Amino acid sequence: MKFGIIGTNWITDRFIKAAKQHPDFRIGAVYSRTEETGRAFAEKYAVEAVYTDMKKMFEEGDIDAVYIASPNAFHAEQSLLAMQHGVHVLCEKPAVVSLDEMDRVIAASKETGMTYMEAMKSTVTPTFLRLKEELHKIGPVRRYVFHYNQYSSRYDKYKEGIVENAFKPELGNGAKTDLGVYGLAPLVHLAGEPDAVLRNRYLLSTGAEGQGSMILDYGECEAIVMYSKISDSYLPSEIQGENGVIEIDRISDPKHVLIKYRDGTTEDISVPHEFDTMYYELDEFIRCVHKGQIESPINTHEISRQVTKLLL
């Protein structure tokens, strides 16, 4: 399957490194706003076709699908354009920046028959899927505590007065959309849509969220989601049940998951990952395309829609 690539940043490099291990992945074209940037990126992967006109890439490029890793605010427009030209879409998280955009994207997928999937990598990994199967072992769940706090490498520049994309809300960026989504998406996968949400946030001078937290009410249990781009945390995430606790090393990239039962025993439910985490999102996407499914049965359109509502 030949992919067009939109976005020439570090996340794209990581995606391609993981994707090259998949037997059905090829790069057919690269899009960039400038020929120089696009050409430099394409040369790293021996790609000849470089476009500065996205519509032209979708019309003339030798591609079956596109991986979108542009700034968040552009995701919906680019996804819609791709599907309208018969190109399947694997779009980086967060999928969109508004509920209206999400509804339009879902409608376009249904109307065109093109596969659309949000590239939420953590929820399609072997270890997370195993966690879902074993969740019942801790009895009635009473609390989820998920967090992703990572001091941004761009925050020092921000404090010097240099504002890069990571802290530009007009691009849909900020701590909640960039990091908080990694706590919200698995929560929706495991617990569904909450009854009510209490939010707290700290805004930087640009209007972008520097950090924040959410308490989500599920009736008989609650969830606490914390995120930050201006501080670090090295604590694991956890799910607290009446019979024990599930400890998760990193909710954004779960690899080591341990059940600690009330009787003092433990059970390691981790599944060895043969590939980089991003490989599994690609594998799920390609499987859906080959089966003619417009959405993943795991990273469904409805889950992306529910997560979008929580990000607003």
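Please read these numbers as outputs of a predicted model, since none were measured by experiment.

Calculation notes
- Residues numbered from 1 in each chain as written.
- Predicted model: local features only at pLDDT ≥ 70, side-chain atom pairs only at ≥ 80, totals over all residues.
- Heavy atoms only, no water.
- Buried < 20%, exposed > 50% of the residue type's maximum accessible area, 1.4 Å probe, protein only.
- Helix = DSSP H or I, 4+ residues; strand = E, 2+ residues; numbered from the N terminus.
- Pairing = 2+ DSSP bridges.
- Right-handed = clockwise from strand over helix to strand, strands pointing away.
- 1 Å grid on protein atoms, 1.4 Å probe; cavity = no way out; pocket = protein on both sides within 12 Å on 5 of 7 lines; lining within 4 Å.
- Points joined across faces, edges and corners; volume = space filled by probe spheres on them.
- Nonpolar A, V, L, I, M, F, W, Y, C, P; charged D, E, K, R; others polar.
- Domains from an automatic or database assignment.
- Phe/Tyr/Trp six-rings, centres within 6.5 Å; stacked < 30°, edge-to-face > 60°.
- Buried area = accessible area lost by both parts, 1.4 Å probe.
- Salt bridge = Lys/Arg side-chain N within 4 Å of Asp/Glu carboxyl O.
- Polar contact = N/O pair within 3.5 Å; in protein donor to acceptor, adjacent residues only side chain to side chain.
- UniProt positions renumbered as here; feature names shortened; annotations may be inferred.
- Axes fitted to C-alpha atoms, helices over the stretch in contact; angles between N-to-C directions.
- Parallel < 35°, antiparallel > 145°, perpendicular 65-115°, else oblique.
- Contact = heavy atoms within 4.5 Å.

Before going further, it helps to examine the pairing of strand β6 (residues 116–119). The alternating pattern of β6 places Tyr116 and Glu118 on one face and Met117 and Ala119 on the opposite face, and all of these are buried. For strand β5 (residues 88–92) and β6, the ladder comprises four bridges, and the chain directions are parallel. Bridge pairing in β6 links Leu90 to Met117. Crossover connection from β5 via helix α5 (residues 99–112) to parallel β6: handedness right-handed.

Looking now at the layout of surface pockets. Roughly 1200 Å³ of internal volume is contained in the largest pocket. If you go around the largest pocket, you meet 39 residues; those closest to its centre are Asn9, Trp10, Ile11, Ala69 and Arg154. Classifying every residue of the lining of the largest pocket by side-chain character gives 13 nonpolar, 16 polar and ten charged. Both domains that meet at the lining of the largest pocket, namely domain 1 (2–119) and domain 2 (126–268), each give it at least three residues.

The buried count for strand β7 (residues 141–149) comes to seven of nine residues, which makes it a mostly enclosed element. Of the pairings in the sheet, the one linking β7 to strand β11 (residues 237–241) comprises four bridges and is antiparallel in character. By the bridge assignment, Arg143 is partnered in β11 with Gln240. Sheet topology note: the β7/strand β10 (residues 222–228) ladder contains seven bridges and is parallel. Residue pairing in the sheet places Tyr148 in a bridge with Tyr227 of β10.

Following the criterion strictly, the structure yields 14 aromatic pairs and no others. Note on Tyr144 and Phe146: the rings are 5.8 Å apart at their centroids and 75° apart in plane angle, and the pair reads as edge-to-face. Across the pair, Phe146 and Tyr144 agree in class, each one buried. Three or more aromatic residues link up through ring pairs in this structure, and these residues are Phe3, Phe15, Phe25, Tyr67 and Phe285.

According to the domain assignment, the protein contains domain 1 (2–119) and domain 2 (126–268). Distance between the C-alpha centres of domain 1 and domain 2: 27 Å. In this assembly, domain 1 packs against domain 2 so that about 670 Å² is buried in total across both faces, 53% of it on carbon and sulfur atoms. For the interface between domain 1 and domain 2, the tally reads one salt bridge. Across the domain 1-domain 2 interface, the total number found is six residue pairs in polar contact (both at pLDDT 80 or more).

This paragraph deals with empty space enclosed by the protein. Under the criterion given, the structure shown has two cavities of 30 Å³ or more. As for the largest cavity, its lining consists of Glu118, Met120, Thr123, Ala185, His189, Asn299, Ile303, Ser304 and Val307. Contributing elements (two or more residues each) for the lining of the largest cavity: α8 (175–191) and α10 (301–311). Counting residues per element, the lining of the largest cavity draws most heavily on α10, at three residues. A per-class count over the lining of the largest cavity returns four nonpolar, four polar and one charged. Taken as a whole, the second largest cavity holds about 30 Å³ of empty space. Along the walls of the second largest cavity sit Pro94, Ala95, Val96, Glu118, Val181, Ser304, Val307, Thr308 and Leu311, which together make up its complete lining. With four residues, the single largest contributor to the lining of the second largest cavity is α10.

Take the UniProt feature "domain: Gfo/Idh/MocA-like oxidoreductase N-terminal" (unreviewed entry) in the protein next. Those residues carrying the UniProt feature "domain: Gfo/Idh/MocA-like oxidoreductase N-terminal" (unreviewed entry) are residues 1–118 in this numbering. The distance separating the terminal C-alpha atoms of residues 1–118 is 18 Å; by composition the span is 43% helix and 21% strand.

Let us now look at the packing of helix α1 (residues 10–19) against helix α9 (residues 277–291). Between α1 and α9, whose axes approach to 8 Å, the crossing angle comes to 70°. If you check the angle between α1 and α9, you find them roughly perpendicular. Residues Ile11, Arg14, Phe15, Ala18 and Ala19 of α1 lie in contact with α9, whose contacting residues are Thr277, Met278, Tyr279, Glu281 and Leu282.

The next thing to look at is the sheet that holds strand β8 (residues 196–203). One open sheet accounts for eight strands, arranged β8-β9-β10-β7-β11-β12-β13-β14; its pairing is mixed. Of all strands in the sheet, those with a lone pairing partner are β8 and β14 (266–268), marking the two edges. Geometrically, the sheet is characterised by an average inter-axis angle of 10° between neighbouring strands, direction not taken into account. Sheet strands touched by helix α6 (residues 126–134): β11, β12 (244–248), β13 (257–261) and β14. Its angle to β13, the strand with the most contacts, is close to 25°.

To continue, consider the sheet that holds strand β2 (residues 26–31). Spatially, six strands are ordered β3-β2-β1-β4-β5-β6 in an open sheet, and the strand pairing comes out parallel. Lying at the two open borders of the sheet, with one neighbouring strand each, are β3 (50–51) and β6. When β2 meets β3, the two strands line up parallel, connected through two bridges. Counterpart to Tyr31 in the pairing with β3 is Tyr51. Contacts from helix α4 (residues 75–84) reach β1 (2–6), β4 (65–68), β5 and β6 within the one sheet, and its direction differs from that of β5 by about 165°.

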